[in-house]
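Chain by chain, the residues run as shown.
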Protein chains: 2
Amino acid sequence: MQFHHHGYVSEDPRVLPADGVGLNPPKELPEKVDVLIVGSGPAGMMTAAQLAMFPSATTAVIERRDGRLKIGHADGVQARSVETFEAFDFAKKITEEAYRITETRFWKPDPDNPENIIRASITDDDPTGISEFPHLIVNQARVLDCLREFMANSPSRTAPFWGWEFLELTVGEGEYPVEVKIRGTAGEQEGTERTIYAKYVLGADGAHSKVRQDIGAEHIGKPSYHAWGVMDILVNTDFPDIRTKCIIHSKAGAILHIPREGGYLFRSYVDLGEVPEDDNGQVRKTPLEEIIKKCNEILHPYSIDVKEVAWWSVYEVGHRVTDRFDDVLVEEAGTKQPHVFIAGDACHTHSAKAGQGMNVSMQDGFNLAWKLGYVLSGRSDPSLLATYSAERQVIAQDLIDFDSDWARRMAASPGEDAEAIEDFYVKTAEFPAGFMTEYPPSLLIGQGKQDLATRVPLGKRFKSAPVVRVCDATAQHLGHLHKADGRFRIYAFADGEQGSCPKLDEWAEWMATSPDSPVNRHTPKDADIDSIFDIKVIYPMAHRDCDVTKAPKIFRPASGPLGLIDLNKVFATDVDDPIQGFAGDIFEMRGIDKGGAVIVVRPDMYVSHILSFDDTAELGEYFAGFLKDA
Amino acid sequence: MQFHHHGYVSEDPRVLPADGVGLNPPKELPEKVDVLIVGSGPAGMMTAAQLAMFPSATTAVIERRDGRLKIGHADGVQARSVETFEAFDFAKKITEEAYRITETRFWKPDPDNPENIIRASITDDDPTGISEFPHLIVNQARVLDCLREFMANSPSRTAPFWGWEFLELTVGEGEYPVEVKIRGTAGEQEGTERTIYAKYVLGADGAHSKVRQDIGAEHIGKPSYHAWGVMDILVNTDFPDIRTKCIIHSKAGAILHIPREGGYLFRSYVDLGEVPEDDNGQVRKTPLEEIIKKCNEILHPYSIDVKEVAWWSVYEVGHRVTDRFDDVLVEEAGTKQPHVFIAGDACHTHSAKAGQGMNVSMQDGFNLAWKLGYVLSGRSDPSLLATYSAERQVIAQDLIDFDSDWARRMAASPGEDAEAIEDFYVKTAEFPAGFMTEYPPSLLIGQGKQDLATRVPLGKRFKSAPVVRVCDATAQHLGHLHKADGRFRIYAFADGEQGSCPKLDEWAEWMATSPDSPVNRHTPKDADIDSIFDIKVIYPMAHRDCDVTKAPKIFRPASGPLGLIDLNKVFATDVDDPIQGFAGDIFEMRGIDKGGAVIVVRPDMYVSHILSFDDTAELGEYFAGFLKDA
């Protein structure tokens, strides 16, 4: 955490100095806003949290409910989401209170006594070390609390407006082209209708999204004919794996068993079997007692003694994805700018059992928010916004395909599929962990030199590795220093030790002094020199041999009212920190060329370019493709 | 974190259910309180935070200042303090925002050019792996904020009463024998005098403690004749080690250089030399400019360009320790119970430079608070309270001796002592890290069998080691599960794998069923069975081979209104968790005998007994020595 350079900070440094709209935040929902977000779920709140770091824009979240969510129905938090939370500074906090999945245990009928289940096998949750972040289960409501806290502490001082429901929108012309009708649902505003004018609207209003309807997007998918009972319960039991994730197939059916936070609660997804086509929702009337009875039948010879049911429901698996994520018709793409977007369940609905929903929804929001922030703050042309639907719609389709496969396997009968499920589970681990997203080349993803960084896949999120920060001799995870502040990261991996890296030195001089360099073209004159680009250097050497005061000036920017020089952007590679458990050489771990490499990472943490130090023209062109001259 | 078993928790689980005095916490300072704490510094707030976990007792903190501390003068946080913060659930939070010391760099005059300094050597801060916790520098005000938050979230819902200063106290008779006169210092209460009646009073009112005066304790020490200038400053500089801890000796004098949190600020202790005996405080009038000039002279050929001074002062080193820490005269010890205590700077004052003050003060409070909680909640006889002064006065004397030595070496001229200082620094690392405290045998420290756990020193704090929690297959640091809830921990290290550990099984049966067992003697009938003793078992085996439902019942207590069985107290030893960086076998790491061992750890984390499974009588006697029958 860096602070004090804009004035002495006595209280929580997570509370950033108010700026822009945060200097006088509106207490009532304003009539005109830059961005109106409909819905305060994971997609909406992630968008709002990131936008809160762009205090020149007015963002308002409206929520039908009259206060915070109490019991969230989503609970699976992928490692990629925890990685994202690190950028929002609450990864450690939520990890402390969450349940952590380390293993999945597979149960099947005992061949010698098929009425009973026996433990067939155990697999590690992340056997291949996909991430340094854990896989968690925690109440969605707590994730939303943390995002809300981040918004409140941001320069914009944003807070959701509770008790307003979306009615309809129309897109017209002018500075605030989207006209939105809303109605109060609680308190003094109950029944009151208002019209809000927005530059942009995000529909994060769930599976039955009205915003989706209003922009005429199609929610494509097939109805489901398989039902599940789901319960969050507290029990006493003799089942030995009650506190680990289990996939249970017995003669009586199947259970997906997910322990939850706090040491006692768990969620049980109980297979209720195929649903006749003419069922007309009858299955949803299945009583709780029947689900518990079924659960006990499946667990035989073990049983559960239910002490309390915190929440339960019956649902049928649906798999649907929307054809586009904004209000620009497919045939109009490129000729028109979008003004209305949809995200999260409004775009993709599927089974809950692969623990994907909340995660993909938050990544929708993370993808969209910085782009809106760039356009609204004048850094980028609105054409940038077309990349949101282009990038995220494909991801949603992949998700639906994966989840359909997963749900089908889970519901299969045990004899034919128990080992196949385990196999599928292990082979596809990277997908549910959230790391399979790979954006193709576009305005935002350059045609980079992958061979300069063989294990830093272009278009995928930047997988962190440890380094030593030279100035204070501390081991740091390089990627964890990437905060959700809307900045691009440019990592310069030097072509040798300090003093023996001519290419780095030449590149750094160009970055600092050339009128063509992105820093000089795109950084506003009155802003801190590192306000758009956070440029760091990594020298392949021992930190004690590196003199931070002799690094090129582009890596030692002076900022803030005092012009204090920031020494925290210079790194070495001799990592060995038993206290944090950090070790390894980032050049080797990430396959960085000895001749050096420049790696560009987007504000939402995706690797967007890989270049050599000679490719200064390409670097300039890449950024000029979507950033305006300052 | 464990929760949900006393009802579903939707909001932050760190906010515990209110209980006792917390059900209706007083808004105004009550006339009668169980404990009155004078002063809201580290000693007072740590005491209050721990007492807040005993909601049957009324604790009030009064503070002369009219609000929270803004700029704290102490900033050094030992690993032992961070370990303590883990028990109060804010270790990770404060670590995130703190500066972390990993190295000390020694500078001395260049032999070839003695006007200049050169870097002589670098030593690791914790070369021997004393602790898994870091050594931090962070504003004392933030530590106090975190303790205040813990109090607010505790069952007692305690908050300090600002704007009251202590005037005097007298100890009489009756239920509330201490009569305390106080006066309002701010707002409406300014100038108002009140009398408060307390069962116990803690003077945590600093070096000039009036409580100390009123109980006639002697503050013994010698005046100092060496002065230091201290500055918290923001600079630009060419000195390469500005962000690491440095000990600098040059021809022009000495500097102790301590970087601070946030990436820019540092504290410089500049040696102002010997002070004549007849100086009469003149040295304290040294102007800031002279200290900065001196600093630049010492740093030559480097220099600092000071951009802002956040705080500065001049002080002379004083070393004083109080002869007793309570109101019982040495000659009356054992015949009278104490009612007034002193802690922190009220008992021990010394130089700031070894970064000890705040840390030792908090341990004073941690030591005293649970004892007061036990007496006030009826668990123990008041005779327990005599152990506070007995245990802590010796620690204070050790501190003063260490610090005198340290200050003398720091102030010495460079030629004679530079290497000696480095040597001293490395050799004594365990002391400043806070781990040298070793309480001698007493009412609270049993004459245990050290050979059953050779690397778990009796009387020292329990050094954690990693284990695997069987129920959820997660690696845990055993000691980090010790929360500041006032409970004793009893760790049963089994004499073999599950099913092959007859001694453990017999002991567990005795603990669960014998009327002589501490659990049955000292746990109130209407309380949860694990409310006084948190009893855990560690089996020397792989977690996947251990069946948690087959562990003896004493390790699977049913608790809460639902009688839910707690499965979180059973551990295995096959630790290998790359995500958390945990590895190792606790039996080997802590020298545990293969025949098993019972290790008792006090609420303040000190190892208080080590016994074999056969020693049930001794275990019972130990607890009966200071716990009442329930």
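How each quantity is defined
- Residues take numbers from 1 onward in each chain, read along the sequence in its written order.
- As they are written, the chains are lettered A onward and the ligands numbered 1 onward, keeping that order.
- Selection of residues for local features in this predicted model requires a pLDDT of at least 70, selection of side-chain atom pairs for listing and counting requires 80 or more, and totals for whole chains, interfaces and linings are taken over all residues.
- No hydrogens and no water enter the side-chain calculation; it runs on all heavy atoms of the structure.
- The secondary structure listing takes helices from DSSP runs of H or I that are at least 4 residues long and strands from runs of E that are at least 2 residues long, numbered from the N terminus.
- All radius of gyration figures rest on C-alpha atoms, and the globule criterion is 2.2 Å times the number of residues raised to 0.38.
- For every residue, the accessible area (1.4 Å probe, protein chains only) is compared with the maximum for its type, and the residue is labelled buried under 20%, exposed over 50%, or partly exposed between those bounds.
- We call two residues contacting when some pair of their heavy atoms lies within 4.5 Å.
- Accessible surface area values rest on a Shrake-Rupley calculation with a 1.4 Å probe, where residue burial reflects the displayed protein chains alone.
- All tallies of charge rest on Lys and Arg as positive and Asp and Glu as negative; His and the ends of each chain are not included.
- In this description, the location of a charge corresponds to atom NZ of lysine, CZ of arginine, CG of aspartate or CD of glutamate.
- Superposition of the copies used a least-squares fit over C-alpha atoms from residues whose pLDDT is at least 70 in both.
- At least two DSSP bridges between two strands are required for those strands to pair.
- Note on aromatic pairs: the rings of Phe, Tyr and Trp (six-membered ring only in Trp) are paired at centre separations within 6.5 Å, and the planes decide the class, stacked below 30 degrees, edge-to-face beyond 60, tilted for the rest.
- Fitted lines through C-alpha atoms give the axes, limited to the stretch in contact for helices. The angle between two N-to-C directions lies from 0 to 180 degrees.
- In what follows, roughly perpendicular refers to angles from 65 to 115 degrees, roughly parallel to angles under 35, roughly antiparallel to angles over 145, and oblique to any angle outside these ranges.
- Left-handed is the label given to a crossing in which the near helix is rotated counterclockwise from the far helix by less than a right angle, and right-handed is the label when the rotation is clockwise.
- Only Asp, Glu, Lys and Arg are considered charged in this grouping, and only Ala, Val, Leu, Ile, Met, Phe, Trp, Tyr, Cys and Pro are considered nonpolar; every other residue, Gly among them, is considered polar.
- A 1.4 Å probe defines the accessible area here, and the buried area is the portion of it lost by two parts on being joined, summed over both.
- A carboxyl oxygen of Asp or Glu within 4 Å of a side-chain nitrogen of Lys or Arg is what we treat as a salt bridge.
- Disulfides are defined as cysteine sulfur pairs within 2.5 Å.
- Every residue is assigned a pLDDT by the predictor, reflecting its confidence on a scale from 0 to 100.
- Here the expected span of a helix is defined as 1.5 Å times the quantity of residues minus one.
- Identification of polar contacts relies on pairs of N or O atoms within 3.5 Å, with a donor-acceptor requirement for protein atoms, meaning one able to donate a hydrogen and the other able to accept it, and with residues adjacent in sequence counted only if both atoms are side-chain atoms.
- Patch criteria: residues need more than 30% relative accessible area and no salt bridge. Like-charged residues are merged within 9 Å; nonpolar side chains of Val, Leu, Ile, Met, Phe, Trp and Tyr are merged within 5 Å.

A. The arrangement of the overall build of chain A in detail. Each helix and strand in chain A was counted, giving 13 helices and 31 strands. Relative to the globule expectation of 25 Å for 630 residues, the C-alpha radius of gyration of chain A, 26 Å, shows essentially globular dimensions. Overall, chain A is about 75 × 60 × 50 Å in size when its C-alpha atoms are taken along their principal axes. Across the 630 residues in chain A, those meeting the buried criterion constitute 63%. Considering only contacts within chain A whose residues lie at least 6 apart along the sequence, 73% involve residues at least 24 apart. Per element, the accessible surface of chain A, about 22,800 Å² overall, is 49% carbon and sulfur. Of the side chains in chain A, 66 bear a positive and 98 a negative charge, and the two mean positions are spaced by 2 Å.

B. Representation of the relation of the copies chain A and chain B within the structure. The two copies are related by a screw operation: chain A maps onto chain B through 180° of rotation and 0.0 Å of translation along the axis, at an RMSD of 0.0 Å. Overall, the copies show the geometry of a two-fold rotation axis. Considering only C-alpha atoms, the part of chain A nearest the rotation axis is A:Gly581, at 2.2 Å. When you check the interface residues of chain A against chain B, 100% turn up at the interface there too, and the contact is symmetric in its surfaces.

C. Expanded view of the environment of B:Leu16. Tracing the sequence through the fold places B:Leu16 in the segment before strand S1 (32-38). Each C-alpha atom, one on B:Leu16 and one on B:Pro457, is 33 Å from the other, the two residues being 441 residues apart in sequence.

D. Just the sheet that holds strand S20 (residues 348-349) of chain B, in detail. Residue and element names in this part refer to chain B. Read across the open sheet, the three strands follow the order S12-S18-S20; overall the sheet is antiparallel. Looking along the sheet, the strands with just one partner apiece sit at the ends: strand S12 (219-222) and S20. Relative to strand S18 (residues 319-322), S12 runs antiparallel, the two being bridged by four bridges. For Gly221, the partnering residue across the bridge sits in S18 and is Arg320.

E. Summary view of the packing of aromatic side chains. Residues and elements named next belong to chain B. Using the criterion set out here, one finds 50 aromatic pairs over all chains in the structure. Measuring from ring centre to ring centre gives 6.2 Å for Tyr200 and Phe341, while their planes differ by 40°; the resulting arrangement is tilted. Of this pair, Tyr200 sits in strand S11 (residues 193-203) while Phe341 sits in strand S19 (residues 340-342); the two residues are 141 residues apart in sequence, bridging distant segments of the chain. Relative accessible area serves as the criterion here: at 6%, Tyr200 is assigned to the buried category. Here Phe341 falls in the buried class, since its relative accessible area comes to 0%.

F. View of the packing of helix H1 (residues 42-51) of chain A against helix H4 (residues 140-153) of chain A. Residues and elements named next belong to chain A. Axis separation between H1 and H4 bottoms out at 9 Å; the angle between their running directions is 20°. Between H1 and H4, the interaxial angle falls into the category roughly parallel. Between H1 and H4 lies a crossing whose hand is left-handed. Taken together, the residues of H4 that come into contact with H1 (itself represented by Pro42, Met45, Met46, Ala48 and Ala49) are Gln140, Leu144, Leu147, Arg148, Phe150 and Met151. Classifying every residue of the contact of H1 with H4 gives nine nonpolar, one polar and one charged.

G. How the structure looks around the interface of chain A and chain B. Residue-level contacts link 76 residues of chain A with 76 residues of chain B. For the chain A and chain B pair, buried surface summed over both sides reaches about 6,300 Å², with 51% attributable to carbon and sulfur atoms. Counting the contacts that link chain A with chain B gives 16 salt bridges. In this structure, A:Glu96 engages B:Arg14 in a salt bridge whose closest nitrogen and oxygen atoms are separated by 3.2 Å.

H. Main features of the sheet that holds strand S23 (residues 488-493) of chain A. All names here are of chain A. Across the sheet, seven strands lie side by side as S22-S21-S27-S24-S23-S30-S31; this open sheet has mixed pairing. Looking along the sheet, the strands with just one partner apiece sit at the ends: strand S22 (474-477) and strand S31 (607-611). Put simply, the sheet's adjacent strands are angled 30° from each other on average, direction ignored. Two elements, strand S24 (residues 533-538) and strand S27 (residues 570-572), share two bridges in a ladder whose sense is parallel. Directly across from Ile538, in S27, lies its bridge partner Phe571. Against the sheet, helix H10 (residues 502-513) engages S23, S24 and strand S30 (597-601), with an angle of about 150° to S23.

I. Representation of unusual backbone geometry in the model. All names here are of chain A. For the bond from His300 to Pro301, the omega torsion is 15°, close enough to zero to count as cis. Positioned with a positive phi, His4 is a non-glycine residue whose angle comes to about 85°. Turning to its location among the elements, His4 is positioned in the segment before strand S1 (32-38). A residue is classified by how much of its surface remains accessible, and His4, at 2% relative accessible area, is buried. Phi is positive for Arg157, close to 50°, though the residue is something other than glycine. Inspection of the secondary structure assignment puts Arg157 in the loop between H4 and strand S8 (161-162).

J. Geometry of the state of the cysteines. All names here are of chain A. Under the defined criterion, the tally for this structure stands at zero disulfides over all chains. Looking at the unpaired Cys246, the closest cysteine sulfur is the one in Cys295, lying at 11 Å. Classification of Cys246 as buried rests on a relative accessible area of 0%. Among the cysteines around Cys501, which has no disulfide bond, Cys546 carries the closest sulfur, lying 8.9 Å off. Assessed through its relative accessible area of 1%, Cys501 is described here as buried.

K. View of the pattern of salt bridges. Counted under the stated rule, the structure contains 108 salt bridges over all chains. For A:Asp364, the salt bridge goes to A:Arg392, with nearest N and O atoms at 2.7 Å. Of this pair, A:Asp364 sits in helix H7 (residues 357-376) while A:Arg392 sits in helix H8 (residues 386-411), and the two are 28 residues apart along the sequence. Under the relative-accessibility criterion, A:Arg392 is labelled buried at 1%. Put simply, B:Glu97 and B:Arg142 hold a salt bridge, and the shortest N to O gap is 2.6 Å. Taken together, the residues span a long stretch of sequence, with B:Glu97 in helix H3 (residues 91-97) and B:Arg142 in helix H4 (residues 140-153) at a distance of 45 residues. Accessibility expressed as a relative area gives 2% for B:Glu97, which makes it buried. Of the residues examined, B:Arg142 reaches a relative accessible area of 6% and is grouped as buried.

L. Broad picture of the packing of H1(A) against H7(A). Residue and element names in this part refer to chain A. Where H1 contacts H7, the axes come no closer than 7 Å and their chain directions differ by 30°. Remark: the crossing between H1 and H7 carries right-handed chirality. Side by side, H1 and H7 meet where Pro42, Ala43, Met46, Thr47, Gln50 and Leu51 of the first sit next to Met358, Ser361, Met362, Gly365, Phe366, Ala369, Trp370, Leu372 and Gly373 of the second. Residue composition of the contact of H1 with H7, grouped by class: 10 nonpolar, five polar and no charged.

M. Representation of the confidence of the model for chain A. Within chain A, residue pLDDT values average 93, and 98% of them lie at 70 or more. In the predicted complex, the global pTM is 0.95; the interface-specific ipTM is 0.93.

N. Here's a closer look at the environment of A:Gln450. Residues and elements named next belong to chain A. Inspection of the secondary structure assignment puts Gln450 in the loop between helix H9 (414-427) and strand S21 (466-469). We classify Gln450 as partly exposed; its relative accessible area is 29%. Taking the C-alpha atoms as reference, Gln450 lies 14 Å from Val601; in sequence the two are 151 residues apart.

O. Looking closely at H4(A). Residue and element names in this part refer to chain A. Between its first and last C-alpha atoms H4 spans 20 Å; for 14 residues at 1.5 Å apiece the expected length is 20 Å, and the two agree. With 11 of its 14 residues buried, H4 lies for the most part within the structure. Buried within H4 we find Gln140, Ala141, Arg142, Val143, Leu144, Asp145, Cys146, Leu147, Phe150, Met151 and Asn153. The N-cap residue of H4 is Asn139: its side-chain oxygen and the backbone nitrogen of Ala141 are 2.9 Å apart.

P. Fine view of a negative patch on the surface. All names here are of chain A. Together, Glu497, Asp545, Asp574 and Asp576 make up a region of like negative charge exposed at the surface. If you trace the backbone, Asp576 turns up in strand S28 (residues 575-577). The class of Asp576 is exposed, set by a relative accessible area of 65%.

Q. Main features of the pairing of strand S10 (residues 178-184) of chain B. All names here are of chain B. Burial along S10 is one-sided: the residues Val178, Val180, Ile182 and Gly184 are buried and none of Glu179, Lys181 and Arg183 is. Inspection of the sheet shows strand S9 (residues 164-171) paired to S10 by seven bridges, in the antiparallel sense. Across the sheet, residue Phe166 finds its bridge partner in S10, namely Ile182. The hairpin turn running from S9 into S10, its antiparallel successor, is six residues long, and Gly174 in that turn takes a positive phi close to 95°. With six bridges connecting them, S10 and S11 associate as antiparallel partners. The residue bridging Lys181 from the neighbouring strand is Thr195, located in S11.

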